[in-house]
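The primary structure of each chain is shown beneath.
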Amino acid sequence: EHLMKGLIVCRTGMGSSLMLKIKAQKIIDKHGWDIELEHDVLSGLRTWRDIDFVITMRDLTEEVEAAGFNAIGITDLMNSEEMESALIRVIQHN
């Protein structure tokens, strides 16, 4: 069983990526998934290796995909259901 790695990125500081990370972690814990989460700013994205998926805000999805990553774009930071259904899709495809 391969440990999945998820990266959470936002355009600038760590504020929204940290919030996304906390939300994602709650969902991961709830399901008991074996996923390790990291977070970074968008400019640091290309330095990462062995990342199974990247969670970001919807407006950054294309940039993340252009860098060669599997992106999960979140429209509403406050909507846990949106992130949960996106994560379930990613887990099922791995």
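Coordinates for the structure precede this section.
Calculation rules
Residues numbered from 1 in each chain as written. Predicted model: local features only at pLDDT ≥ 70, side-chain atom pairs only at ≥ 80, totals over all residues. Heavy atoms only, no water. Axes fitted to C-alpha atoms, helices over the stretch in contact; angles between N-to-C directions. Helix = DSSP H or I, 4+ residues; strand = E, 2+ residues; numbered from the N terminus. Parallel < 35°, antiparallel > 145°, perpendicular 65-115°, else oblique. Left-handed = near helix turned anticlockwise from the far one by under 90°. Contact = heavy atoms within 4.5 Å. Nonpolar A, V, L, I, M, F, W, Y, C, P; charged D, E, K, R; others polar. Core = buried A, V, L, I, M, F, W, Y, C linked by side-chain atoms within 4.5 Å. Buried < 20%, exposed > 50% of the residue type's maximum accessible area, 1.4 Å probe, protein only. Expected span 1.5 Å × (residues − 1). Polar contact = N/O pair within 3.5 Å; in protein donor to acceptor, adjacent residues only side chain to side chain.

Peer 1: Got a minute to help me understand the packing of helix α1 (residues 15-31) against helix α3 (residues 80-93) in this structure?
Peer 2: Geometrically, a packed helix pair is captured by the angle between its two axes and the distance between the axes. Across the interface, α1 lies against α3 with an axial gap of 10 Å and an inter-helix angle of 60°. When the axes of α1 and α3 are compared, the pair comes out oblique. Considering the relative orientation of α1 and α3, their crossing is right-handed. Every residue of α3 that contacts α1 at L20, K23, A24, I27, K30 and H31 is listed here: S80, M83, E84, L87 and I88. Looking at the contact of α1 with α3 residue by residue, the classes come out as 6 nonpolar, 2 polar and 3 charged.

Peer 1: What am I meant to see in the nonpolar core here?
Peer 2: As a rule of thumb, soluble globular proteins bury nonpolar side chains together. Grouped together as the largest cluster of nonpolar side chains are 20 residues, with contacts concentrated most on L20, I35, F53, I55, I72, M83 and L87. Put simply, the parts of the chain that give this core at least two residues each are β1 (4-10), α1, β2 (35-41), β3 (53-57), β4 (71-74) and α3. Of all the elements, α3 adds the most residues to this core, at 5 residues. Those residues in contact with L20 that lie beyond four places of it in its chain are I8, I55, T56, M57, I74, L77 and M83. Core analysis: the second largest hydrophobic core is formed by 11 residues, V9, I51, V54 and F69 among them.

Peer 1: Would you explain α3 in this entry?
Peer 2: An α-helix turns once every 3.6 residues. As a result, residues three or four positions apart point the same way. In this model α3 runs 20 Å from its N-terminal to its C-terminal C-alpha over 14 residues, within 8% of the 20 Å that 1.5 Å per residue would give. For α3, every residue scored as buried is listed here: E82, M83, E84, A86, L87, V90 and I91. Structurally, α3 contributes buried residues whose contacts are with β1, α1, β2, β3 and β4. Structurally, the start of α3 carries an N-cap: the backbone nitrogen of E81 is 3.0 Å from a side-chain oxygen of N79.

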